[in-house]
Protein chains: 2
Amino acid sequence: PAEQKARKPRWNIRASEMSRNTLNPIRAIVDCMKLTPNPDKPMIALSIGDPTVFGNLPTDENVLQAMKNAIDSHKYNGYAPSVGYMQSRESVAKFYSCPEAPLEGKDVILTSGCSQAIDLAISVLCNPGQNILAPCPGFSLYKTLAVSLGIQVKLYNLQPEKCWEIDLHHLESLIDEKTTCLIVNNPSNPCGSVYSKEHLQQILAVASRHCIPILADEIYADMVFPGCGFHSLAALSTDVPILSCGGLAKRWLVPGWRMGWILIHDRAQAFGPEIREGLVKLSQRILGPCTIVQGALDCILNNTPQDFYSNTISLIQSNSQICYNALSTIPGLSPVKPSGAMYLMVGIEMKHFPSFQSDVDFTERLVTEQSVFCLPATAFDYPNFFRIVVTVPQHMMVEACGRIREFCQAHYCPSSPDRNDLDQ
Amino acid sequence: PAEQKARKPRWNIRASEMSRNTLNPIRAIVDCMKLTPNPDKPMIALSIGDPTVFGNLPTDENVLQAMKNAIDSHKYNGYAPSVGYMQSRESVAKFYSCPEAPLEGKDVILTSGCSQAIDLAISVLCNPGQNILAPCPGFSLYKTLAVSLGIQVKLYNLQPEKCWEIDLHHLESLIDEKTTCLIVNNPSNPCGSVYSKEHLQQILAVASRHCIPILADEIYADMVFPGCGFHSLAALSTDVPILSCGGLAKRWLVPGWRMGWILIHDRAQAFGPEIREGLVKLSQRILGPCTIVQGALDCILNNTPQDFYSNTISLIQSNSQICYNALSTIPGLSPVKPSGAMYLMVGIEMKHFPSFQSDVDFTERLVTEQSVFCLPATAFDYPNFFRIVVTVPQHMMVEACGRIREFCQAHYCPSSPDRNDLDQ
Ligand SMILES: Cc1ncc(COP(=O)(O)O)c(C=O)c1O
Ligand SMILES: Cc1ncc(COP(=O)(O)O)c(C=O)c1O
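Here the structure is a predicted model, which is why all the values come from computation and not from measurement.

A.B. asks: I tried to follow the interface of chain A and chain B on my own but got confused; where do I start?
C.D. replies: Think of interface size as the accessible area that goes away when the parts come together; that is how it is often given. Listed as interface residues are 79 residues of chain A and, on the opposing side, 79 residues of chain B. Buried area between chain A and chain B, both sides added, is near 6300 Å², and the carbon and sulfur share of it is 58%. It is Trp11(A), Tyr79(A) and Arg285(A) in chain A that bury the most area against chain B; as a group they hold 14% of the surface buried on that side. Taken together, the connections running from chain A to chain B amount to 6 salt bridges.

Below you can see the structure in the form of structure tokens.
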């Protein structure tokens, strides 16, 4: 019996590798920051990519009414097909269909948020050991999902001095025989950039040359400032097959509802039945979004007045302008003018702020001294920048810019004509 | 240029192995069946595990009102934390907490349906190459999820002659050093069985002896017929850590809403912080359930009248009795009496039905001749049985049983005293 006791197993439960490899860089960085605001100044968070938190951007009443109607109909309580009700898929297809990129219900897969759309798209296109191309700076979820699945991520550079256009040479240099997906995020989080037709065509040309399908993260589709049109990649593609991911989260201002979709834009049967079937199979793992939201989808897409969309854009544009104009005149900062989405990136000329080690250090101290929190762009693999969310109420935007100015003035050091200064 | 053309890559997009390994046995079998009903008889589908399809089991008005209140509050449109609002997690904790298995908000993770709860639980406990133990017959999702993740599934036998109790010797014989999770589904789909306290304690003893954590799929918790109490595994466990998966789908009759949860019942810190952190990390991949449902959760759990629950159970029990009593008297069939959930399994004494090859063949012909569709239990890895869903309107249950009788009578052959008959 003593012998037997020695053999008795002991509890030794370990979290799986997948869970340990599911890394969230924003959390990793923010959780390590000492975020103690200045007690004399109320906190202003310009860090949260949730446009609903301040109450200044409520969703439209029609959107809420559509939900209540779906509930009252008693028709949307049972299981939907794992890819969504055909009727709801058709509504999305109709909303986004255009002559250059026609869509039918069968081309739409409804998902639990754009996040699951991205998850399914990456999961169907890539095997462990293969690689995907993702923007730098870029939304961190791409890397989180891919790495946890054993897929390598190669980051291609965006160029702040060219309105965050892709460095196409760099992009092309990363492609190898194991590259199975190119992720393009337009309009961009965190950049707020919107690509021109010409630039999108150049991107498509690269994908076409190497026969790499595109995952177009277009969750900010149509959220562009007046004057700069939004072009979906699919509408410009003649031969490159595209999975376009989107959802209700941003444009309809209901991110918590978890309604997303994949639009399958096949070209010359390059996806063929295999990718469609693969997506259907993957959708059966946990099924799609809440049926009430699915039931409301047709009304949400068709009954939301144009004013609602344009009011949102106006507010975002106006805040962007206030912020860009203010920060442009602050020595040591280089904001990049956005054209859409809800973000603005600001470069920090670190040589002029010798008291800070990094963007993390800079933004941490901005909290301590001025109670303004901006996300350090290290969270997007892009040091020496920080990201500002421009959906806050205008008075907070103005106040925050004033405080950032004060902060920078307090820490700015004009560069000395030091011969070691590489910039000379 | 001819040379260059030869080198030009060609489109060769393949669906990933994971998507190809995501197998849904129910679909695989049903899609291959020739399901042409008899044109003279209206179809009766006893195959669909969705209690809402016939309209005879509507959810409670309070449940719908809770949703409308959540919408009107304008408070639940933004992002929730990836594991759910703390307030909603606390509501679930309070609802399921008991002295033997206390729960707090931090012990609850809200998920997109019980399916995602099972996905996260398997994903956090197991690595590719390890194995899990799952019931046979059992809900097919366990295998679908595990296999797609490269995790082996070992099926342990349930014993129809013992009200589907687990064959504990068989269970124990399957355990090896790579076994990282024991899945127990109580009450059971497809069996409709409900385990006694004693049997659950025996299961816990096996898990304890080998130090294997349990995934308790308790989506049918409390859905038991009067007289047979439901015991959660956690309430009986002194040392075995348990992840209990549940949700609103079945008891509240809103499967489409995709609200599920994991209840973390740690024991002696066997899970420790690692499993909790692993679950949190995994939840960040696609975030949890729709925030409107989260906002309604407290009212749904607390304001639903007791009558609603007992009316549902009454209907299910009454149908079960009708069905069990009718099928018991049909030569060649061996229904197993259920005690809960919403299913009933029926054995087919195949030797008496020589015209059919299998349960698939049997149920296919039942459609062709009688327009009654029951799921062949091959879909649950359990040939020679079929599953009946007992949530249909009573008149359909009665009618279906009559037709099954007619069908069996038409095909039944009394066994001949054939010396080759191994049963002699
Ligand atoms: C670029 C981008 N893609 C996808 C998402 C995820 O969207 P959802 O909340 O619908 O999952 C976000 C959210 O911030 C985003 O910024
Ligand atoms: C035993 C069992 N577990 C889990 C589920 C999945 O539940 P949900 O619809 O909440 O994902 C089901 C659904 O039928 C089931 O029968």
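A.B. asks: Quick question: what am I supposed to make of the pairing of strand 8 (residues 242–247) of chain B here?
C.D. replies: Looking down a regular strand, the side chains alternate between one sheet face and the other. Residue and element names in this part refer to chain B. Counting buried positions along strand 8 yields 6 of 6 residues, so the element is predominantly enclosed. Here strand 8 shows no split at all, with Ile242, Ser244 and Gly246 on one side and Leu243, Cys245 and Gly247 on the other all buried. The pairing of strand 7 (residues 214–217) with strand 8 spans 4 bridges and is classified as parallel. Residue pairing in the sheet places Ala216 in a bridge with Ser244 of strand 8. Pairing between strand 8 and strand 9 (residues 259–265): 6 bridges, direction antiparallel.

A.B. asks: Looking at this model, I keep getting lost on helix 9 (residues 197–210) of chain B. Mind explaining?
C.D. replies: Residue and element names in this part refer to chain B. The end-to-end C-alpha distance of helix 9, which contains 14 residues, comes to 20 Å, matching closely the 20 Å that a straight helix rising 1.5 Å per residue would cover. When helix 9 is considered as a whole, its buried residues turn out to be His199, Leu200, Ile203, Leu204, Val206, Ala207 and Ser208. Each element contacted by the buried residues of helix 9 is listed here: strand 5 (165–166), helix 8 (168–174), strand 6 (179–185), strand 7, helix 10 (233–236) and strand 8. Cys211, located one to two residues past helix 9, shows a positive phi value of around 55°.

A.B. asks: When you look at the confidence of the model for chain A in this model, what are you seeing that I'm missing?
C.D. replies: Parts of the model with low pLDDT should not have their predicted coordinates read in detail. Within chain A, residue pLDDT values average 95, and 96% of them lie at 70 or more. Overall fold confidence (pTM) sits at 0.96, and the ipTM for the predicted complex is 0.96.

Rules behind the numbers
Residues numbered from 1 in each chain as written. Chains lettered and ligands numbered in written order. Predicted model: local features only at pLDDT ≥ 70, side-chain atom pairs only at ≥ 80, totals over all residues. Heavy atoms only, no water. Contact = heavy atoms within 4.5 Å. Buried area = accessible area lost by both parts, 1.4 Å probe. Salt bridge = Lys/Arg side-chain N within 4 Å of Asp/Glu carboxyl O. Buried < 20%, exposed > 50% of the residue type's maximum accessible area, 1.4 Å probe, protein only. Helix = DSSP H or I, 4+ residues; strand = E, 2+ residues; numbered from the N terminus. Pairing = 2+ DSSP bridges. Expected span 1.5 Å × (residues − 1). pLDDT = per-residue confidence, 0-100.

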